[in-house]
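Working through the structure, step by step
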Amino acid sequence: MQKNRYKLGLLLTCTCSILPVQANENDLFGVDIYGRLSLSYQLQNNKQTGEVWKLANNASRLGFKGGSVFSKNMSIIYQIEFGVEADDGDKKGRTLSQRDTFLGVQSDWGRFIAGRITIPFKEAKGNFDYFNDLQGELGKIIDGEERLDNVLQYDSQKILGPIKTTIAIVPGENTHDSSQDGPADGISSAIEYKNNDLFFSAAINSNIKQLDQLRLVATWPVGSLRFGLLFQHTKTSKKTLLLADGSNSANAYGVSSSYSFNKNRINAQFIQSDSSMKLSDATQFSISWEHSFNSRTTFFTYFADRDAEQTDKSESYYALGLKYNF
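For the structure given in this document, a descriptive report is provided here.

Cut-offs used in this document
Residues numbered from 1 in each chain as written. Predicted model: local features only at pLDDT ≥ 70, side-chain atom pairs only at ≥ 80, totals over all residues. Heavy atoms only, no water. Pairing = 2+ DSSP bridges. Helix = DSSP H or I, 4+ residues; strand = E, 2+ residues; numbered from the N terminus. Core = buried A, V, L, I, M, F, W, Y, C linked by side-chain atoms within 4.5 Å. Buried < 20%, exposed > 50% of the residue type's maximum accessible area, 1.4 Å probe, protein only. Contact = heavy atoms within 4.5 Å. 1 Å grid on protein atoms, 1.4 Å probe; cavity = no way out; pocket = protein on both sides within 12 Å on 5 of 7 lines; lining within 4 Å. Points joined across faces, edges and corners; volume = space filled by probe spheres on them. Nonpolar A, V, L, I, M, F, W, Y, C, P; charged D, E, K, R; others polar. Phe/Tyr/Trp six-rings, centres within 6.5 Å; stacked < 30°, edge-to-face > 60°.

A few words on the pairing of strand β9 (residues 163-170). Pairing of strand β8 (residues 147-155) with β9 involves four bridges; the strand directions are antiparallel. Bridge pairing in β9 links Asp155 to Thr166. Examined bridge by bridge, β9 and strand β10 (residues 186-195) share eight bridges and lie antiparallel to one another. Counted as the bridge partner of Val170 is Gly186 from β10.

This is the structure:
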């Protein structure tokens, strides 16, 4: 009996000694769980089909990110992020859909990642788009707001001070098309300048979704106000590919502004587009009010109106919503 007690004590001692080591090993991976739930109850009015009330999911998501140091000043980093359908649990038959998911290396020289990634062209809008993930966002009226598969991307982080450069290459991976079997059939790149609240960017897409594009963005503060300007030029990579108005090229212009006071913010945004792959002669106006209860919880209400040559795609939205970040 005494011998069994001794063995049990020895086993407990060894177990207690091992557990801290295992915990420390897990800490090396620095796993962070994060996410967002965003829902709005909204009245949608289509100029052709009429009105309908909807509970809408606004890009709710769940993610895991982290990494570990494996040599001096060099780390493995990763991110796994899913879109969550918080309204009806269904997106083309799926409850979860893949968002930015990548594996990479980070060091003093910058960051290299590979996977499914939001391209630099889209990221170059900075904080211009106050209606991102809502019905008034840029992607509803212009092209270039892409998250793509099979992306290899490098960004300089802060090695150039306030200037950051990013370049992404996208192989077509198509063995049946000689124009889509190279190492970099599509390229997206951007250069950004950010100093305090002053932001400028220039971005280029080359053969991304068969489009060549240029985007210029500037945002700056004036007291409690913040202003933004956007210009975009789009041209099809192939003459046989036409935009919605039958042309091969188009321009888009945008202006945005916000006013912050106490825990509130009022946002307004206007976009005009000659044409895109879906819409021609289109304009979009959006205005919203946000109230932050705390750093995680925000109540919002907004109105967005989208007018286009295609009557069935001309719509307006009135919405009340709640967003929670964790």
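What follows concerns the nonpolar core. Nonpolar side chains tend to gather and get buried jointly when the protein is soluble and globular. Counting residues in each nonpolar core, the largest one holds 14 residues, and the members touching the most others are Leu148 and Val151. Sequence-distant contacts of Leu148, defined by excluding residues within four places in its chain, comprise Gly115, Arg116, Ile117, Ile119, Val170, Ile208 and Lys209. Residues Phe128, Phe199, Val217 and Leu230 belong to the second largest nonpolar core, which totals twelve residues.

All chains considered together, the criterion is met by one cavity of 30 Å³ or more. Volume-wise, the largest cavity comes out at about 50 Å³. Counting residues per element, the ones that place at least two in the lining of the largest cavity are β13 (225-236), β14 (249-261) and β15 (264-275). When its residues are assigned to classes, the lining of the largest cavity shows three nonpolar, six polar and one charged.

Attention now moves to the packing of aromatic side chains. Counted according to the given criterion, the structure contains eleven aromatic pairs. Plain terms: the ring middles of Phe303 and Tyr318 are 4.9 Å apart, the flat faces sit at 40 degrees to each other, and that makes the pair tilted. Of the two residues, Phe303 is situated in strand β17 (residues 297-307) and Tyr318 in strand β18 (residues 315-325); the sequence distance between them amounts to 15 residues. The partly exposed category is assigned to Phe303, whose relative accessible area is 22%. Owing to a relative accessible area of 47%, Tyr318 belongs among the partly exposed residues under this scheme.

Here the focus is the side chain of Ser280. Relative to the helices and strands, Ser280 is located in strand β16 (residues 280-292). By relative accessible area, Ser280 is classed as buried at 1%. Residues within four places of Ser280 in sequence aside, it is in contact with Ala244, Asp245, Asp274, Ser275, Ala308, Glu309 and Gln310.

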